Amino acid sequence: MEAPAHIVGAVVSAEPLTHNSGNAATGGIWRVRGTTGTAIRKIARPPSATPTGSPNWQTSDVPDHWNYWRREATAYATGFAARAYPGTGITPPELLECVTRPDGAVELWLAEAHGAHGPSWSPARFRHFAHQLGAGQARWADRVPAEPWLSRNWLRNYLAHGPANVVWMRTDEDYAHPLAGLWPAAELRALWEGRHVLLRTAENAPRTLAHLDVWPTNLIADGDRTVLIDWAFTGDGALGEDIANLIIDSVTDGLIDAALLPEIEDSATEGYLEGLHDGGLRGSADTVRRAIAACGAAKYSWFGPAVLGNMIRGKRIGNAYGTPLDGDVAELERLRGLVTMITRWASEAREDAR
């Protein structure tokens, strides 16, 4: 591997970093150590005549596509990400260099952020970040920037083309399976089959400039400052959409003790609402709570049925981030509080929509 000499000097080692390898837009991420320094190398790939990655994570040349391959590079190179939430303490990683490769891919060289990574955070630190994000997103309430490369209709397209395609629960027999009995199966079925109603509620919520991939592995605490990485999806989103994702995705992959979920839900929600207020937004907190519930339930409407469907069919549940699992029943027990919260959010969003 070669690196720009002024960034790390001669390369000593290149450590592959864990990421969503199914995303066709990402050609790899490495921590590169050299004789004079260390940096993060990330490759963004254009669409290929021979598709790579998962069918559910294909990329596009269309600038407002939900998985547009150049979005992250553009967000950094134009300074947009650095200006997104000014004065809040949220910053993107520092772009050291952006190189177009002979194969058309883009090679990002980023300064490595140092600090406490999201999976090690306490609920209090989640609250601090949520306040920062609320203050930043208040600025963009119902006036999302017009840059043509920002994503539009992200949640709708994610549900149409992303992981929702792995749901195999179809029949009464599936939902009557003994494993399904460990979860609120009837509520999960109603959520999945009624996801489009929740999607419309989410889309009707007040809009803002959202990051759209806020979860613990994309967060690094450097004192009071928060480095927010991976701006590949950023664009139009609902107020509360990022916080909904943060709450749910804090425990999906086993990186944070699921027993902390109620405290994380409360801390992140209240911190975000306080941040919106301190950022100058004078609106109904209940409107934002409803948006959090609708966005989270809609985005993860596939999650419970997908996990159950795989287990019923004898497929092991795994991920690129978590620790090895003890078994199907143990995993269902670990996630019971999460899927119960998601179904509660769905119920709250539906009730408020009447």
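Note: the structure precedes this text.
Here is what the cut-offs are and how they apply
- Residues numbered from 1 in each chain as written.
- Predicted model: local features only at pLDDT ≥ 70, side-chain atom pairs only at ≥ 80, totals over all residues.
- Heavy atoms only, no water.
- Helix = DSSP H or I, 4+ residues; strand = E, 2+ residues; numbered from the N terminus.
- Buried < 20%, exposed > 50% of the residue type's maximum accessible area, 1.4 Å probe, protein only.
- Contact = heavy atoms within 4.5 Å.
- Areas by Shrake-Rupley, 256 points an atom, 1.4 Å probe, with all protein chains shown as cover.
- Lys, Arg positive; Asp, Glu negative; His and termini not counted.
- Charge placed at Lys NZ, Arg CZ, Asp CG, Glu CD.
- Salt bridge = Lys/Arg side-chain N within 4 Å of Asp/Glu carboxyl O.
- Pairing = 2+ DSSP bridges.
- Axes fitted to C-alpha atoms, helices over the stretch in contact; angles between N-to-C directions.
- Polar contact = N/O pair within 3.5 Å; in protein donor to acceptor, adjacent residues only side chain to side chain.
- Phe/Tyr/Trp six-rings, centres within 6.5 Å; stacked < 30°, edge-to-face > 60°.
- Lys NZ or Arg CZ within 6 Å of the ring centre and 35° of its normal.
- Parallel < 35°, antiparallel > 145°, perpendicular 65-115°, else oblique.
- Left-handed = near helix turned anticlockwise from the far one by under 90°.
- Nonpolar A, V, L, I, M, F, W, Y, C, P; charged D, E, K, R; others polar.
- Core = buried A, V, L, I, M, F, W, Y, C linked by side-chain atoms within 4.5 Å.
- Expected span 1.5 Å × (residues − 1).

Draft legend 1. Examining the overall build of the chain more closely. The secondary structure content of the chain amounts to 13 helices and eleven strands. Structurally, the chain occupies a C-alpha span of about 60 × 50 × 35 Å along its principal axes. By the burial criterion, 54% of the 354 residues in the chain qualify as buried. When contacts within the chain are restricted to residue pairs at least 6 apart in sequence, those whose partners lie at least 24 apart make up 72%. Of the roughly 14,900 Å² of accessible surface on the chain, a fraction of 52% belongs to carbon and sulfur atoms. Of note, the chain has its 33 positive side-chain charges centred 3 Å away from the centre of its 42 negative side-chain charges.

Draft legend 2. Region of interest: the side chain of Ser151. Note on placement: Ser151 falls in the loop between α4 (123–138) and α5 (154–161). What Ser151 contacts, discounting residues up to four positions off in sequence, is Asp64, His65, Trp66, Arg71, Leu212, Phe233, Thr234, Gly235 and Asp236.

Draft legend 3. Layout of the pattern of salt bridges. In this structure the tally under the stated criterion is 20 salt bridges. Of the charged contacts in the structure, one is a salt bridge between Glu193 and Arg189, with a shortest N-O distance of 3.0 Å. Linking Glu193 with Arg189, this pair stays in helix α7 (residues 185–193), spanning four residues, or about one helical turn. In this structure Glu193 comes out as exposed when scored by relative accessible area, which is 52%.

Draft legend 4. Examining the sheet that holds strand β5 (residues 95–100) more closely. Read from one edge to the other, the open sheet built from five strands follows the order β1-β2-β3-β6-β5, with strand pairing classed as antiparallel. Two strands close off the open sheet at either side, each with one partner strand: β1 (11–16) and β5. Adjacent strand axes in the sheet meet at a mean angle of 25° when their direction is disregarded.

Draft legend 5. Looking closely at the environment of Met341. By the element assignment, Met341 lies in helix α13 (residues 328–353). Counting along the chain gives 80 residues from Met341 to Leu261, while the straight-line C-alpha distance between them is 9.1 Å. With residues near it in sequence (within four places) discarded, Met341 still touches Ile247, Ile248, Leu261 and Glu265.

Draft legend 6. Region of interest: the side chain of Asn23. Within the element layout of this structure, Asn23 appears in the loop between β1 and β2 (26–34). Within the local environment of Asn23, its side chain forms a polar contact with the side chain of Asn67, the two groups lying 2.9 Å apart.

Draft legend 7. A look at the environment of Trp121. On the secondary structure map, Trp121 appears in the loop between β7 (116–117) and α4. Taking the C-alpha atoms as reference points, Trp121 and Leu219, 98 residues apart in sequence, are found 9.5 Å from one another. When near neighbours in sequence (up to four residues on either side) are disregarded, Trp121 contacts Ala116, Phe126, Phe129, Leu219, Ile220, Ala221 and Thr226. In this structure the side chain of Trp121 is engaged in a polar contact, spanning 2.9 Å, whose partner is the backbone oxygen of Ala116.

Draft legend 8. Looking closely at the packing of aromatic side chains. If you walk through the whole model with that rule in mind, you get 15 aromatic pairs. With a centroid separation of 5.5 Å and 50° between ring planes, the pair formed by Trp57 and Trp66 is classed as tilted. Among the residues examined, Trp66 registers a relative accessible area of 2% and is labelled buried. Ring geometry for Trp66 and Tyr158: centres 6.0 Å apart, planes at 80°, overall edge-to-face. With Trp66 in the loop between β3 (38–44) and α2 (71–77) and Tyr158 in helix α5, the pair connects residues that are 92 residues apart, well separated along the chain. Taken together, the ring pairs connect Trp57, Trp66, Trp154, Tyr158 and Phe233 into an aromatic cluster. Across from the ring centre of Trp192, 3.6 Å away, lies the NZ or CZ of Arg195, which sits over that ring.

Draft legend 9. Seen up close, the packing of helix α8 (residues 195–203) against helix α11 (residues 285–299). Look at α8 against α11: their axes get within 8 Å of each other, and the N-to-C directions meet at 140°. As the angle between them shows, α8 and α11 are arranged oblique. For the crossing formed where α8 meets α11, the hand is left-handed. Facing α8, whose interface residues are Leu198, Leu199, Thr201 and Ala202, α11 presents Ala294, Cys295, Ala297 and Ala298. Here the residues of the contact of α8 with α11 sort into seven nonpolar, one polar and no charged.

Draft legend 10. Region of interest: the nonpolar core. Core analysis: the largest hydrophobic core is formed by 97 residues, its most contacted members being Ile243, Trp302, Leu338 and Trp345. When residues of this core are assigned to their parent elements, the largest contribution, nine residues, is made by α13. Those residues in contact with Ile243, other than ones at most four positions away along the chain, are Ala130, Leu133, Ala268, Thr269, Tyr272 and Ile292.

Draft legend 11. Seen up close, α4. Taking 1.5 Å of rise per residue, 16 residues should cover 22 Å, and α4 covers 22 Å from first to last C-alpha, within 8% of that figure. Counting buried positions along α4 gives twelve out of 16 residues, so the element sits mostly inside the fold. Within α4, the full set of buried residues consists of Pro123, Arg125, Phe126, Phe129, Ala130, Gln132, Leu133, Gly134, Ala135, Gly136, Gln137 and Ala138. Contact partners of the buried residues in α4: β4 (90–91), β8 (207–210), β9 (219–222), β10 (225–228), α9 (241–249) and α10 (261–278).

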